[in-house]
Amino acid sequence: MVEKKISYFVKITPVGKIYIGMTEKGICLVSFENFSRSREISSKKGEHIKFIKKEEGFPELEKQLEEYFSKKRKKFNGTLDLCFVNSPFERNVLNACFKIPYGKKVLILK
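Cut-offs and rules
- Residues numbered from 1 in each chain as written.
- Predicted model: local features only at pLDDT ≥ 70, side-chain atom pairs only at ≥ 80, totals over all residues.
- Heavy atoms only, no water.
- Patch = residues over 30% accessible without salt bridge, like charges linked within 9 Å, V, L, I, M, F, W, Y side chains within 5 Å.
- Areas by Shrake-Rupley, 256 points an atom, 1.4 Å probe, with all protein chains shown as cover.
- Salt bridge = Lys/Arg side-chain N within 4 Å of Asp/Glu carboxyl O.
- Helix = DSSP H or I, 4+ residues; strand = E, 2+ residues; numbered from the N terminus.
- Pairing = 2+ DSSP bridges.
- Axes fitted to C-alpha atoms, helices over the stretch in contact; angles between N-to-C directions.
- Contact = heavy atoms within 4.5 Å.
- Buried < 20%, exposed > 50% of the residue type's maximum accessible area, 1.4 Å probe, protein only.
- Lys, Arg positive; Asp, Glu negative; His and termini not counted.
- Polar contact = N/O pair within 3.5 Å; in protein donor to acceptor, adjacent residues only side chain to side chain.
- Core = buried A, V, L, I, M, F, W, Y, C linked by side-chain atoms within 4.5 Å.

**Some details on a nonpolar patch on the surface**
On the surface, L80, L82 and F98 cluster together into a nonpolar patch covering about 270 Å² of accessible area. With respect to the helices and strands, L80 occurs in the loop between α2 (59-69) and α3 (88-98).

**Structural notes on unusual backbone geometry**
Within the chain, K71 stands out as a residue other than glycine whose phi angle is a positive 65 degrees. One can find K71 in the loop between α2 and α3.

**Concerning the sheet that holds strand β2 (residues 16-22)**
Read across the open sheet, the four strands follow the order β3-β2-β1-β4; overall the sheet is mixed. Strands with a single pairing partner mark the edges of an open sheet, and in this sheet they are β3 (27-31) and β4 (47-53). Taking each pair of neighbouring strands and ignoring which way they run, the sheet shows an average axis angle of 30 degrees. Strand contacts of α2: β1 (2-13), β2 and β3, with the helix running at about 40 degrees to β1, the strand carrying the most contacts.

**Side note on the side chain of D81**
Mapped onto the fold, D81 is located in the loop between α2 and α3. K4 is the oppositely charged side chain nearest to the buried, salt-bridge-free D81, at an N-O distance of 4.7 Å. At a separation of 2.4 Å, a polar atom in the side chain of D81 contacts the side chain of T23. Setting aside residues no more than four positions away along its own chain, D81 makes contact with T23, K25, G26, I27 and C28.

**Describing the nonpolar core**
The biggest cluster of nonpolar side chains holds ten residues, and these are I6, Y8, Y19, C28, L29, F35, I49, F51, C83 and F84. Where this core is concerned, the elements lending two or more residues are β1, β3 and β4. Residues in contact with C28, not counting those within four places in the same chain, are I6, G21, M22, T23, D81, C83 and F84. With seven residues, the next largest nonpolar core counts I18, I20, I27 and L61 among its residues.

Okay, here's the thing in structure tokens:
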């Protein structure tokens, strides 16, 4: 069984607690819940996930989040690890979300 190590921290924000997980490749999880869904996804892929809590967090990411919530930042710098994006549909949805401009709302209709 493959083991994937994910370092994570909890950031208190104006919208509540955000759990952020990173692998050596980049950010892989952002959630308002404590990664329970990611454990289900990972077990489907046959991976064992080892979560390692970082009390000190990720300083550059925390700085960017603070700037975002104080309306000083519209875009994040860094890399993503799409290891939990399993299907073409999920990738298409995520790619569509990346195209939504800052501050805009989008309604999706069939």
